[in-house]
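# Observations on the model geometry
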Amino acid sequence: QVQLVESGGGLVQAGGSLRLSCAASGISFSIYHMGWYRQAPGKQRELVARIARGGDTNYADSVKGRFTISRDNAKNTVYLQMSSLKAEDTAVYYCAGEFSSTMHWGQGTQVTVSS
């Protein structure tokens, strides 16, 4: 049974910060590439940040310099530290794990940034 469970979403003012967490179970976490995606109303799901099993990171241009992805393999958890939040960051944020050709998805957590 594979589970990815996001937490930490909520309502925050523009300019504020939030830290999202994704706890994984049922997978060999340390060998999985992990990522955060988001989907805003009326828009397609997009990659926000990715961290490979070796630690290399990638970010969408829209969040570069504001968001930081990290992982704690001992806790089977991936984090997304979000700072300097903007109204356009409002979306449902999804955690994903990738290994080989398979992906697993979390249920999502709502982030709402008020302007």
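Refer to the structure above for everything that follows.
One structure accompanies this document, and this report is about it. (Residues numbered from 1 in each chain as written. Predicted model: local features only at pLDDT ≥ 70, side-chain atom pairs only at ≥ 80, totals over all residues. Heavy atoms only, no water.)

## As for the packing of aromatic side chains
In this description, an aromatic ring pair is defined by two values, namely the gap between the centres and the angle between the planes. Applying the stated rule across the entire model yields two aromatic pairs. Arranged with centres 5.5 Å apart and planes meeting at 35 degrees, the rings of Y32 and F99 form a pair that is tilted. Within this pair, whereas Y32 is found in the loop between β3 (18–25) and β4 (33–39), its partner F99 is found in strand β9 (residues 91–99), the two being separated by 67 residues in sequence. Over the ring of Y94 we find R45, and its NZ or CZ is 4.4 Å from the ring centre. Positioned above the aromatic ring of W105, the side-chain terminus of R45 is 4.5 Å from the ring centre. (Phe/Tyr/Trp six-rings, centres within 6.5 Å; stacked < 30°, edge-to-face > 60°. Helix = DSSP H or I, 4+ residues; strand = E, 2+ residues; numbered from the N terminus. Lys NZ or Arg CZ within 6 Å of the ring centre and 35° of its normal.)

## Observations regarding the nonpolar core
Across soluble globular proteins, nonpolar side chains have a tendency to be buried as a group. Membership of the largest hydrophobic core comes to 28 residues, with the highest contact counts inside it found for W36, V78, L80, M82 and Y93. Broken down by secondary-structure element, the contributors of at least two residues to this core are β3, β4, β5 (46–51), β7 (67–72), β8 (77–82), β9 and β11 (109–114). If one sorts the elements of this core by residue count, β3 sits on top with four residues. Setting aside residues up to four positions removed in sequence, Y93 forms contacts with E6, L20, W36, Y37, R38, V48, F67, L80, M82, G108, T109 and V111. (Core = buried A, V, L, I, M, F, W, Y, C linked by side-chain atoms within 4.5 Å. Buried < 20%, exposed > 50% of the residue type's maximum accessible area, 1.4 Å probe, protein only. Contact = heavy atoms within 4.5 Å.)

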